[in-house]
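Residue-level structure breakdown
Take a look at the letters that make up each chain.
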Amino acid sequence: MTEPGIPDLSEAEARGELARLAMEIAYHDRLYHQNDAPEIADADYDALRRRNAAIEARFPALVRSDSPTNRVGGAAEAGFAKLRHKVPMLSLDNAFDATEFAAFCDRARRFLGLTAPLVFVAEPKIDGLSIGLTYENGVFVRGATRGDGTEGEDVTANLRTMGAAVPQRLEGDAPASIEIRGEVFMTKADFLALNAAQAAAEQKLFANPRNAAAGGLRQLDPRITASRRLSLFAYAMGDSSEPVAETHFGYLDRLRGWGFAVNPLSRRLDSETQAAAFQDQIGAQRSSLPYDIDGVVYKIDDLALQRRLGFVGRAPRWAIAWKFPAEQATTVLRDIRIQVGRTGALTPVAELEPINVGGVLVARATLHNEDEIARKGLRIGDTVVVQRAGDVIPQIVEVVTDKPRGEVAYVYPDVCPACGSHAVRPPNEVVRRCTGGLICPAQRVERLIHFVSRNAFDIDGLGEKTIQEFYAEGWLHGPADLFRLPEREADIAVRKDWGKLSARNLSKAIHARRTIALERFIFALGIRRIGESNAKLLARHYTNYANWRAQMVAAKIVGSDERLTLGSILGIGPTIAEELADFFAEDRNVAIVDALAAELTIEDAAAAEVADSPVAGKTVVFTGTLETMTRQEAKARAESLGAKVTDSVSKKTDIVVVGADAGSKARKAAELGIETLTEAAWRARIGDPEAAPPT
Ligand code: IVH
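Each chain has its residues counted from 1, running along the sequence as written. Where local features are concerned, this predicted model is filtered to residues with pLDDT of at least 70; where side-chain atom pairs are given and counted, the filter is 80 or more; whole-chain, interface and lining totals use all residues. Heavy atoms throughout the structure, all of them, feed into the side-chain values; hydrogens and water do not.

The next thing to look at is unusual backbone geometry. For aspartate 497, which is not a glycine, the phi torsion comes out positive at approximately 70°. The secondary structure listing takes helices from DSSP runs of H or I that are at least 4 residues long and strands from runs of E that are at least 2 residues long, numbered from the N terminus. Tracing the backbone shows aspartate 497 in the loop between helix H14 (489–493) and helix H15 (500–512). In this model, threonine 543 sits at a positive phi of 55°, which is unusual for a non-glycine residue. For threonine 543, the position within the fold is in the loop between helix H17 (532–542) and helix H18 (545–554). Burial classification: accessible surface area is computed with a 1.4 Å probe over protein chains only, and a residue below 20% of its type maximum counts as buried, one above 50% as exposed, and the rest as partly exposed. Classification of threonine 543 as partly exposed rests on a relative accessible area of 35%.

Now the structure itself:
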């Protein structure tokens, strides 16, 4: 859905308009914030922002680094501008022991059809925060945090204060444009010195070096960043206008040549059999290193292999983080509290006597579900072993049985602690759920909290606590009410901890999100089993909101064509289809969705990024023995280009790729007159010349 006139804009006109709008909106922001004297009515101001967002939606490549869309209010008052990553910033899968590491290597080898050992580069894994630094013609132009992986915060000004750690200019030859990625962190010594200074100034202490580094980088005032001593190790590549190396190890050399610090403990390992020894060696040095590490990252050295392996979900198939064992400590279980989640699930949480586990203060641990409490035989008052591994929530490992025990076994409630409704546990499920649905205040609040969360509507200034307070005030019944909060700006401004400016910023943050991508909209509804990736699948399949809504409502009829279509979307399946259909079968839910949609401009799903690939939308069958890639690799590659890969040839098949010794499928394709391609012709079609035969 775009504004009138926008479909007719040429690219050049759009660029000009975006520049004008960025200037104009910044001008009005300044008048508002600094002079408290706006020149235009709020509605007109909002119209400018919406027009800007609509043009950006049509020309995503033209989004400016100073785009007002995601910037709320004046930059200084209301946070950082957001920057979209040209190449998503993803995370890593973990291995916790040699078996898991070996399984990772086997998967990669199978995918590639290799039998030879894999050559790796091993790098200590520092738990800091990842950033991307863009250089144009060798000059540092911008830097962003990882954010949600797609969009991060523009922290350029702060990165410029980091001295030699972030070179302002690359030494030697550099590509026309390159994004270099690495980890910003704080050394143990700098962390301790900072906390000592904080203590002397009676300021809040940081829990660990990671938080201190993140807090240091995400300062609105770059002078504060400059006063924090932050370090950086470079270790990865984002986008580059030209190839800069053939191996990761070669790339690390280039990084050093350009003037970056690269972790001096990084090593090339000729085969994966050396990994366990390296892991032990780094583990032994761990406590004496000047910075905290939580494992070692192993990356396949050959960049061509990395490209072939690609990504699955949010992690590469070519790298893994082998984590060190979790750190443990013992403490007393003071209480078990039951939380009610957004879909009514009751989750027990352990309240602990606060304890330092590997440098972090732990006061709570997850207990997962009632069976786990029973399995561990937990009683309130027990002494328990607590462990913490990386970023995960601390867990209770076991009861220390030779310490005095609690008196009575814990009895799990069968009513919801928030609304008193029955809490039932269906046969064969581990989770007990409140049956109160939307009458349960806990579920309503949790849904709202999910709705505004970072990967959903991402409304700055609306955290968990604010949602709870506004809900208690009676201002929020459903998500549509969030968009009516600006009408209460004056009431909000006089609340404790608020003021005119922060209330105004909240209104602006809310208005800024009135235009939303379909996939975020779907995810934000908080329907059970519809996480981000399913939301994306749905958005791409149904492409626009009106179509999606109509199909979902029709799918509530069991056995309807719409239900069958929904269940056959690759990655959705019948269980999820049923969950969605059940949601839309409830009129109350449809009313909530409609009320919300009425407040919003929901953008059509970006036709898959691969829409212009020559095989996008085609149904492809691979048959016979492929010689330059495994079947799994061929399938993943085809799917990444937007093709659908099926096993059997039918009238719906568009292309059959015929390997050696192909049998009946090739014959059937010929009978049906379907296009057949040799493996080489297929590669040529998809523009993949890298035909390295498996060894
Ligand atoms: S490579 C696609 N290398 O670990 C791969 N990450 O758990 C991108 N990290 O988000 C990451 N040291 O913040 C890589 N030598 C290293 C790393 C490293 C620390 C962090 C990074 C990443 C996280 C994933």
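Still more to cover.
This paragraph deals with the pattern of salt bridges. Take a side-chain nitrogen of Lys or Arg and a carboxyl oxygen of Asp or Glu: if they are within 4 Å of each other, that pair is a salt bridge. Taken as a whole, this structure holds 45 salt bridges when the rule is applied. Measuring nitrogen to oxygen at the nearest pair gives 3.2 Å for the salt bridge that ties glutamate 599 to arginine 484. In this pair, glutamate 599 is assigned in the loop between helix H21 (587–598) and strand E22 (601–603) and arginine 484 in the loop between helix H13 (464–472) and H14, connecting sequence segments 115 residues apart. Taking relative accessible area as the criterion, glutamate 599 reaches 17% and is therefore assigned buried. Arginine 514 is paired through a salt bridge with glutamate 599; the nearest N and O atoms lie 3.1 Å apart.

Attention shifts here to the sheet that holds strand E3 (residues 120–126). Two strands form a pair only when DSSP identifies at least two bridges running between them. Pairing is mixed across the open sheet formed by five strands, whose spatial order is E2-E13-E10-E3-E9. The open sheet has two free edges, formed respectively by strand E2 (94–95) and strand E9 (267–269), since each of these has just one partner strand. Examined bridge by bridge, E3 and strand E10 (residues 293–300) share seven bridges and lie antiparallel to one another. Bridge pairing in E10 places proline 124 opposite valine 296. Helix-sheet contacts for helix H9 (residues 275–285) involve E3, E9, E10 and strand E13 (319–323), and the interaxial angle to E10 is about 155°. In this description, contact between two residues means that some pair of their heavy atoms is separated by no more than 4.5 Å. Axes, fitted as lines to C-alpha atoms, cover a helix only where it is in contact. Angles between the N-to-C directions of the axes lie from 0 to 180 degrees.

Nearness of a residue to a molecule or strand requires only that one of the residue's heavy atoms be within 4 Å of it. As a matter of local geometry, the ligand sits amid Leu92, Glu123, Pro124, Lys125, Ile126, Ser130, Arg146, Glu183, Tyr235, Val297, Lys299 and Pro316. Side-chain atoms alone can form a polar contact between residues adjacent in sequence; in general such a contact is a pair of N or O atoms within 3.5 Å, and within protein one must be able to donate a hydrogen while the other accepts it. A distance of 3.4 Å separates an oxygen atom of the ligand from a polar atom in the side chain of serine 130. Contact distances for the ligand include 3.0 Å between an oxygen atom and a side-chain N or O atom of arginine 146. In the complex, the protein chains occlude 88% of the 530 Å² of accessible area that the ligand would expose alone. Every element with two or more residues in the shell around the ligand is listed here: E3 and E10. At four residues, E3 tops the list of elements feeding residues into the shell around the ligand. Using a 1.4 Å probe, the Shrake-Rupley method yields the accessible areas, and only the shown protein chains count as cover for residues.

As paired strands, strand E23 (residues 619–623) and strand E25 (residues 655–658) are joined by four bridges and run parallel to one another. Residue pairing in the sheet places valine 621 in a bridge with valine 656 of E25. Sheet topology places E25 next to strand E26 (residues 675–678); four bridges connect them, and they run parallel. In the strand pairing of E26, valine 656 is matched with threonine 676. Read from E25 through helix H23 (residues 664–672) to E26, the crossover connection turns out right-handed. Orienting the strands away from the viewer, one traces the path from the first strand over the helix to the second; a clockwise path indicates a right-handed crossover.

This part is about the side chain of aspartate 382. Counting through the fold element by element, aspartate 382 comes out in the loop between helix H11 (370–376) and strand E17 (383–388). A polar side-chain atom of aspartate 382 sits 3.0 Å from a polar atom in the side chain of arginine 405. The residues contacting aspartate 382, other than those within four sequence positions of it, are Thr331, Val332, Leu333, Gly377, Val399, Arg405 and Gly406.

What follows is about the sheet that holds E26. With respect to topology, four strands assemble into an open sheet ordered E24-E23-E25-E26, the strand pairing being parallel. In this open sheet, the two edge strands, each paired with only one partner strand, are strand E24 (644–645) and E26. As paired elements, E23 and E24 share two bridges and run parallel to each other. Each residue of the ladder has a partner; that of threonine 619, found in E24, is lysine 644. Strands E23, E25 and E26 of the sheet are contacted by H23, whose axis makes an angle of about 140° with E23.

Moving on: the confidence of the model for the chain. pLDDT is defined as a per-residue confidence score from the predictor, taking values between 0 and 100. With 93% of its residues at a pLDDT of at least 70, the chain reaches an overall mean of 88. Contacts for the low-pLDDT stretch residues 72–78, under 50 throughout, to residues beyond four places or in other chains number 22 contacts. Overall, residues 691–695 carries pLDDT values under 50, and its contacts beyond four positions in sequence, including any with other chains, amount to 14 contacts.

To estimate the expected span of a helix, subtract one from its residue number and multiply by 1.5 Å. Over its 15 residues, helix H3 (residues 98–112) runs 21 Å from end to end, which matches the ideal 21 Å to within 8%, given 1.5 Å per residue. The complete set of buried residues in H3 reads Phe101, Phe104, Cys105, Ala108, Arg109, Phe111 and Leu112. When H3 is viewed along its axis, its buried side chains cluster within an angular range of 165° and face the same direction. Seen from the buried face of H3, the exposed residues on the opposite side, beyond 90 degrees, are Thr99 and Arg110. One side-chain oxygen at the N-terminal end of H3 lies 3.1 Å from the backbone nitrogen of threonine 99; it belongs to aspartate 97. Note that the arc is computed from the directions linking the helix axis to the C-beta atoms.

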